[in-house]
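Chain residues, written in single-letter form:
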Amino acid sequence: MLCVCATTLSLWITTYTQPSGLMELYSAWSGRVGANAFIPSEKVQQLFNDMQLYPSKSEVLEMLRCAQQCAHRSTPNYLTFGEFCVFATELKRCVDKGLSRPAQLSRLLERDGEEKRRTRRKVSKGLPKPEVFLGGSCNPTTWRQDVAIPLLKDLGITYYNPQVSDWAPELIEKEHIAKQNAAILLFVIDNQTRNTASTVEVAFFSGLRRSLMLVVEPYPPSGCEIGGETLSDDELEDLAAGQQAMQVLAERQEIPVFRSVSLAVNGIAKVLWKNVSVHELQSVKSSPQISDRLMKLREAFDAVDLDRTGEISLKNVRLAFWILNNRNLPLSDLRSAGVLEKEAKENVPFENLRVNFDQFCAIVAEFKTNQERWNPSPVRSMKSVSPSFITNQQLSYDVFLGGSTENTTWRDDVAIPLLKNHGLKYVMPPSSQWTKQMLHSSVNLADRSRVLLFVITNTSRSLAELCMVAYCIGLGFDVVLYIELLTEQSIINGKEISKSAVKDYNRGRMYLKDLAVREGVPVFDSISVAVEFAATKCLKSSTNL
């Protein structure tokens with residue numbers, strides 16, 4: 001396997017003469033760690049300081065953890081040169097663009113004479129058109145009345161509050177209209193409720209790229225009580241996984257996530273008064289997501305590394321570069337890439353060269369550091385548009401087998417045999433552990449599949465899986481769904497679940513089912529029928545190509 005060692009770097013870096021490009025990065029690297037191929041964690045912050053970049057200790061720790069996850073290594077104790085290039089380039093962009101600190105609420109809410117004279121729009125009783133819809137956690141939370149509503153009233157911003165003391169069925173339609181008409185959707189996902197329906201709803205709106213803002217309060221690792229019930233550690237793990245999945249999916253679409261409701265109102269005011277898109281609210285995020293850039297490179301790399309060898313061809317380097325930047329990287333540019341110079345000189349045919357992830361990071365950095373701004377585009381569906389060098393065969397599996405993974409064998413027992421009988425190619429999520437990287441990889445695999453079959457069983461809580469389904473529906477993917485409700489006899493991880501828990505988890509399932517029906521997604525009550533339907537769609541699709 002090829003690797004980017006210091007000797008290789010010294011050979012190819014000399015071809016790159018821009019003082020503000022990789023020469024500067026390599027000079028700082030060699031000055032701090034010499035000829036070493038990696039820099040230990042205790043020297044990382046000093047290395048950034050050498051370049052007049054000053055990330056906090058927590059940001060450096062996040063970089064190290066992200067690099068560990070992206071490289072699939074067992075320790076977060078070092079960075080490679082390619083990883084450093086990515087982080088340094090992105091950190092410099094954040095500093096240059098003033099994205100290192102959240103905007104101050106008091107300054108943002110200052111209004112000139114014209115803004116002070118803004119007339120307050122009234123919400124029509126029959127057809128509500130609020131500026132802000134206040135979604136998310138309800139009883140027993142009081143964030144709406146205590147924080148959001150007073151701030152919004154002071155600013156003259158209209159809102160719709162779905163949390164009422166006397167709920168009636170006719171409010172369902174009114175709430176739906178308010179969501180459709182609101183300029184901004186503010187969702188607060190706290191740790192006082194299970195949030196099963198709200199997290200699914202957020203994932204769906206994220207896929208739609210609605211003007212959405214989030215406030216997320218993470219669940220504690222233990223000792224959490226909901227509705228007078230102390231939750232087990234395994235339930236807390238599932239709740240945290242669902243919450244993380246929702247947040248990762250939202251951030252893929254550049255949905256801002258805030259630390260507090262007041263900071264979110266800060267962002268609302270900026271959007272409404274400064275004509276700024278929600279998706280451009282980088283400056284009011286809780287902190288710059290430096291590590292997300294390396295994640296984007298990792299997911300682009302994994303999307304084309306179908307055989308999971310850890311190396312990709314130059315053709316797939318170009319494909320991954322297009323996924324990141326929505327533009328072609330000509331072969332002539334790759335021929336001049338310094339990172340490939342040494343290998344090309346060793347009589348290796350250029351077209352046979354293969355690139356590992358660290359080399360890929362260095363290549364991307366080499367072609368991006370000269371640009372004024374590096375901000376990889378939000379993840380797009382490759383079904384909608386593709387460059388000329390990508391073929392349909394490269395992009396497609398037949399069926400993505402998503403859904404529940406714990407305590408179930410529906411894939412091996414039902415789905416895979418049926419798909420094999422039809423001669424169809426299938427793919428599954430890379431792991432049953434819902435880590436951030438696993439979620440990114442799963443979305444990429446789903447994006448490369450003709451039909452997405454999701455099976456939600458009653459053998460697990462499946463919160464992250466519910467979010468994944470809703471997100472894919474929002475993106476407009478071709479989804480087929482089978483979903484089971486929990487019962488009072490359901491056993492999860494060897495434990496009975498309470499009546500209140502059954503009610504909460506089924507609320508999320510019912511919301512997803514209703515959403516699917518509303519969006520025209522077929523929902524089945526038999527796994528085998530769902531698989532056959534998905535297979536038929538694939539066969540018809542192949543015939544029409």
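First, a word on what this report is: a plain description of the structure on this page.

Considering the overall build of the chain
The helix and strand inventory of the chain stands at 23 helices and 18 strands. Across the 545 residues in the chain, those meeting the buried criterion constitute 55%. Taking the contacts inside the chain whose residues are at least 6 apart along the sequence as the reference set, 76% of them involve residues at least 24 apart. Surface exposure of the chain reaches about 23,600 Å², of which carbon and sulfur atoms provide 48%.

Looking at helix 12 (residues 261-274)
Along its 14 residues, helix 12 runs 19 Å from first to last C-alpha, staying within 8% of the 20 Å computed at 1.5 Å per residue. Burial analysis of helix 12 places 11 of its 14 residues in the buried class, the great majority of the element. The set of residues buried in helix 12 consists of V261, L263, A264, V265, N266, G267, I268, A269, K270, V271 and W273. Within two residues after helix 12, N275 carries a phi angle of roughly 55 degrees, on the positive side.

Side note on the pattern of salt bridges
Across all of its chains, the model carries 15 salt bridges by this definition. Across the pair R32 and D50 runs a salt bridge, and its minimum N-O distance is 2.9 Å. You can see R32 sitting in helix 2 (residues 22-33) and its partner D50 sitting in helix 3 (residues 41-50), a full 18 residues away along the chain. By relative accessible area, R32 is classed as partly exposed at 29%. Taking the relative accessible area as the measure of exposure, D50 reaches 39% and is therefore partly exposed.

Remarks on the sheet that holds strand 4 (residues 159-160)
Within the open sheet, the five strands sit side by side as 4-3-5-6-9. Their pairing is parallel. Strands at the two margins of the open sheet, each flanked by one partner only, are strand 4 and strand 9 (257-258). One ladder, built from two bridges, connects strand 3 (residues 132-136) with strand 4; its direction is parallel. Counted as the bridge partner of F133 is Y160 from strand 4.

Topic: the packing of helix 10 (residues 196-208) against helix 11 (residues 233-252)
Across the interface, helix 10 lies against helix 11 with an axial gap of 9 Å and an inter-helix angle of 15 degrees. When the axis of helix 10 is compared with that of helix 11, the two are roughly parallel. When the axes of helix 10 and helix 11 are compared, the crossing they make is left-handed. Contacts between helix 10 and helix 11 pair T199, V202, A203 and S206 from the former with M246, L249 and A250 from the latter. Residues that form the contact of helix 10 with helix 11 fall into these classes: five nonpolar, two polar and no charged.

Notes on the sheet that holds strand 14 (residues 449-456)
Each strand in a sheet pairs with another by means of backbone hydrogen bonds, the pair being arranged parallel or else antiparallel. The strand order across the open sheet formed by five strands is 13-12-14-15-18, and the pairing between neighbours is parallel. For this open sheet the edge positions go to strand 13 (426-427) and strand 18 (523-524), each flanked by a neighbour on one side alone. Where strand 15 (residues 479-483) lies against strand 18, two bridges are found, and the strand directions are parallel. Looking across to strand 18, one finds that Y482 is bridged to F524.

Here we look at the nonpolar core
Counting 67 residues, the largest nonpolar core has L214, F454, M468, L481 and L512 as its most contacted members. In this view, M468 contacts L249, F400, W434, L439, S442, V443, A446 and F454; residues no more than four positions away in its chain are not counted. Core analysis: the next-biggest nonpolar cluster, separate from the first, contains 53 residues, L47, V60, L314 and V355 among them.

Looking at the pairing of strand 12 (residues 397-403)
Consecutive side chains along a regular strand alternate between the two faces of the sheet. Within strand 12, seven of the seven residues are buried, which leaves it mostly tucked inside the rest of the structure. In the sheet, strand 12 pairs with strand 14 via six bridges, with the strands oriented parallel. The residue of strand 14 that forms the bridge with G402 is F454. Pairing of strand 12 with strand 13 involves two bridges; the strand directions are parallel. Note on strand 13: the bridge partner recorded for F400 is V427. After leaving strand 12, the chain enters helix 19 (residues 410-421) and then returns to the sheet as strand 13, a path that is right-handed.

The rules behind each value
- Residues numbered from 1 in each chain as written.
- Predicted model: local features only at pLDDT ≥ 70, side-chain atom pairs only at ≥ 80, totals over all residues.
- Heavy atoms only, no water.
- Helix = DSSP H or I, 4+ residues; strand = E, 2+ residues; numbered from the N terminus.
- Buried < 20%, exposed > 50% of the residue type's maximum accessible area, 1.4 Å probe, protein only.
- Contact = heavy atoms within 4.5 Å.
- Areas by Shrake-Rupley, 256 points an atom, 1.4 Å probe, with all protein chains shown as cover.
- Expected span 1.5 Å × (residues − 1).
- Salt bridge = Lys/Arg side-chain N within 4 Å of Asp/Glu carboxyl O.
- Pairing = 2+ DSSP bridges.
- Axes fitted to C-alpha atoms, helices over the stretch in contact; angles between N-to-C directions.
- Parallel < 35°, antiparallel > 145°, perpendicular 65-115°, else oblique.
- Left-handed = near helix turned anticlockwise from the far one by under 90°.
- Nonpolar A, V, L, I, M, F, W, Y, C, P; charged D, E, K, R; others polar.
- Core = buried A, V, L, I, M, F, W, Y, C linked by side-chain atoms within 4.5 Å.
- Right-handed = clockwise from strand over helix to strand, strands pointing away.

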